[in-house]
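Coordinate analysis (summary)
These are the residues of each chain, in order.
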Amino acid sequence: MESLQSVLTDLNQLYPIINHWLHLMSAVIWIGGLAFLVMAVTPGLRKAVPKEYVKPIADTFYRRYKRVVGALLVVILFTGGINLYYVNQLMHAQTGLGIPNHPKYLTVFFIKLSLVVGILTLFLYTVIFKTEQTGEETPEEKEEQLREPIPYQRASLWMGLFIILCAAALKHLHQ
Ligand code: HEM
């Protein structure tokens, strides 16, 4: 009987671990992919190929990456909500009070959520609006496409980095 109980306790620990793992993995792949795009793919293409090929090649990579991010988005929102549930339970067990009674945690959480809405909006912009080359760009637009072949790629990376900063702060706002 005791061993059955310990197996069940272990299982209860397993769910939050798997959930946290999925959340972390999605964050690593999403933000890591953005960092690779900004830090390696874009400068690499600018050096390796003629100007007019930078945008079409970056678009080819991004077309595939967009599908991956679309799936990660669903996982990250779902597992984020479940994370919140487990953290709330943990806080209750430790202090007798849940997340709504921890104003610092709530503040950082809402900052994180606002940044998530921001990065989501930038991502959806690249999905909804056609951002590929038409051949009718003005010289300024061409220059911009060379600087940022994927629209808002740097702003998205910065948001991602600050989301991770918020996640780190949240972690240290409870034991
Ligand atoms: C781009 C989207 C997101 C990224 C990159 C991200 C990133 C992360 C990372 C890296 C952690 C791990 C913190 C750690 O264990 O040290 C984390 C934890 C967490 N995330 Fe997210 N997250 C995102 C979206 C969300 C969303 C939408 C929610 C809620 C609906 C959420 C809720 C949480 C919660 C509650 C934790 C646990 C924080 C704690 O330890 O108190 N996340 N997130």
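The structure under discussion appears in the preceding block.
A short tour of the structure in this document, coming up. (Residues numbered from 1 in each chain as written. Predicted model: local features only at pLDDT ≥ 70, side-chain atom pairs only at ≥ 80, totals over all residues. Heavy atoms only, no water.)

The next thing to look at is the packing of aromatic side chains. Evaluated as defined, the whole model comprises 7 aromatic pairs. With centroids separated by 5.4 Å and ring planes inclined at 75 degrees, the aromatic side chains of tyrosine 125 and tyrosine 152 adopt a geometry described as edge-to-face. With tyrosine 125 in helix H3 (residues 103–128) and tyrosine 152 in the loop between helix H4 (139–147) and helix H5 (153–171), this pair connects stretches of sequence that are 27 residues apart. Here the aromatic rings of tryptophan 158 and phenylalanine 162 are separated by 6.1 Å at their centres, their planes lie at 25 degrees, and the arrangement is stacked. With tryptophan 158 and phenylalanine 162 both in helix H5 and 4 residues apart, the pair spans about one turn of that helix. (Phe/Tyr/Trp six-rings, centres within 6.5 Å; stacked < 30°, edge-to-face > 60°. Helix = DSSP H or I, 4+ residues; strand = E, 2+ residues; numbered from the N terminus.)

Moving on, we come to the site of the ligand. Near the ligand, the surroundings consist of 22 residues, among which His20, His23, Tyr105, Lys112 and His174 are the closest. One of the side-chain N or O atoms of histidine 20 is found 2.8 Å from an oxygen atom in the ligand. Residue histidine 23 places a side-chain N or O atom 2.9 Å away from a nitrogen atom belonging to the ligand. A molecule is said to occupy a pocket when more than half its atoms come within 2 Å of that pocket's grid points, and by this definition the ligand occupies the largest pocket. Sorting elements by how many residues they give to the shell around the ligand places helix H2 (residues 51–95) first, with 7 residues. Grouping the constituent residues of the shell around the ligand by class yields 14 nonpolar, 6 polar and 2 charged. (Near = heavy atom within 4 Å. Polar contact = N/O pair within 3.5 Å; in protein donor to acceptor, adjacent residues only side chain to side chain. 1 Å grid on protein atoms, 1.4 Å probe; cavity = no way out; pocket = protein on both sides within 12 Å on 5 of 7 lines; lining within 4 Å. Sits in = over half its atoms within 2 Å of the grid points. Nonpolar A, V, L, I, M, F, W, Y, C, P; charged D, E, K, R; others polar.)

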